[in-house]
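Residues per chain, in single letters:
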Amino acid sequence: MNSTPNPPLPNPRQAKGFMVTTALPAALPASRLQEGDTFALHENPGEHLLVEQTKAHPHLPSQLIITVSGKDTPITLHANEAIRPLRMPRTVHVTCQLCGRTTETHLELVANGEPKTWVCNRH
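Residues numbered from 1 in each chain as written. Predicted model: local features only at pLDDT ≥ 70, side-chain atom pairs only at ≥ 80, totals over all residues. Heavy atoms only, no water.

**Side note on the overall build of the chain**
So, point 1. Of the regular secondary structure elements, the chain holds 1 helix and 10 strands.
So, point 2. Along the chain, helices (α) and strands (β) appear in the sequence β-β-β-β-β-β-β-β-β-α-β when read from the amino end.
So, point 3. When the 123 residues of the chain are sorted by exposure, 32% land in the buried category.
So, point 4. Surface summary for the chain: the accessible area is close to 7800 Å², and the carbon and sulfur share equals 52%. (Helix = DSSP H or I, 4+ residues; strand = E, 2+ residues; numbered from the N terminus. Buried < 20%, exposed > 50% of the residue type's maximum accessible area, 1.4 Å probe, protein only. Areas by Shrake-Rupley, 256 points an atom, 1.4 Å probe, with all protein chains shown as cover.)

**Side note on the sheet that holds strand β4 (residues 44–56)**
So, point 1. Strand order in the open sheet formed by 6 strands is β2-β7-β3-β4-β5-β6, with antiparallel pairing between adjacent strands. The sheet terminates laterally at β2 (28–29) and β6 (75–78), the two strands that pair on one side only.
So, point 2. Where strand β3 (residues 38–41) and strand β7 (residues 82–87) come together, 4 bridges link them in antiparallel fashion. Across the sheet, residue phenylalanine 39 finds its bridge partner in β7, namely proline 85. (Pairing = 2+ DSSP bridges.)

**Focus on the environment of alanine 27**
So, point 1. Tracing the chain through its elements places alanine 27 in the loop between β1 (17–22) and β2.
So, point 2. Residues alanine 27 and alanine 82, 55 residues apart in the sequence, show an inter-C-alpha distance of 5.5 Å.
So, point 3. Setting aside residues no more than four positions away along its own chain, alanine 27 makes contact with His42, Ala82, Ile83 and Pro85. (Contact = heavy atoms within 4.5 Å.)

**Description of the nonpolar core**
One broad trend across soluble globular proteins is that nonpolar side chains are buried collectively.
So, point 1. Counting residues in each nonpolar core, the largest one holds 23 residues, and the members touching the most others are Leu33, Phe39, Leu41, Ile66, Leu77, Ile83 and Trp118.
So, point 2. For this core, the secondary-structure elements that each account for two or more residues are β3, β4, β5 (63–68), β8 (89–95) and β10 (114–120).
So, point 3. For this core, the element with the most residues is β5, which contributes 3 residues.
So, point 4. Contact partners of leucine 77, with chain neighbours within four places excluded, come to Ala30, Phe39, Leu41, Ser62, Gln63, Leu64, Ile66 and Ile83. (Core = buried A, V, L, I, M, F, W, Y, C linked by side-chain atoms within 4.5 Å.)

**Considerations on the pairing of β8**
Consecutive side chains of a regular strand alternate in pointing toward one face of the sheet and then the other.
So, point 1. Only one face of β8 is covered, namely the face carrying Arg90, Val92 and Val94; the face carrying Pro89, Thr91, His93 and Thr95 is uncovered.
So, point 2. Pairing analysis gives 7 bridges linking β8 to strand β9 (residues 102–108), with the strands arranged antiparallel. When the sheet's bridge partners are listed, threonine 91 is paired in β9 with histidine 106.
So, point 3. Counted between consecutive antiparallel strands, the loop separating β8 from β9 contains 6 residues, among which glycine 100 sits at a positive phi close to 85°.

The analysis is restricted to geometry; functional conclusions fall outside its scope.
Below, the structure written as structure tokens:
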């Protein structure tokens with residue numbers, strides 16, 4: 001019986017090379033939210049909230065004002081309050097660890113994880 005683990009395989013979405021990612025934790029601070037993200041609050045995990053805008057509270061620097069699609073009033077969260085990420089699309093710029101070549105790629109952080117290292121397809 002072979003006890004050697006399977007080697008990591010390239011993300012099929014990364015035709016430009018091989019990217020290593022790490023999974024997002026189940027809870028992230030609200031400060032990580034950006035426009036277009038979908039999240040849930042831990043006290044109401046069934047309600048999916050789509051972020052339209054985030055901005056700092058004008059009088060409370062540790063608070064965020066988050067405008068959510070379908071709600072008449074924005075919600076206020078502490079920047080460190082734990083939220084449950086459901087969808088976090090991002091465009092990231094990565095640099096090849098071997099030659100320094102850069103590229104832009106689109107990732108869904110919840111599904112694909114956060115990029116840590118990339119090697120272009122020239123190697």
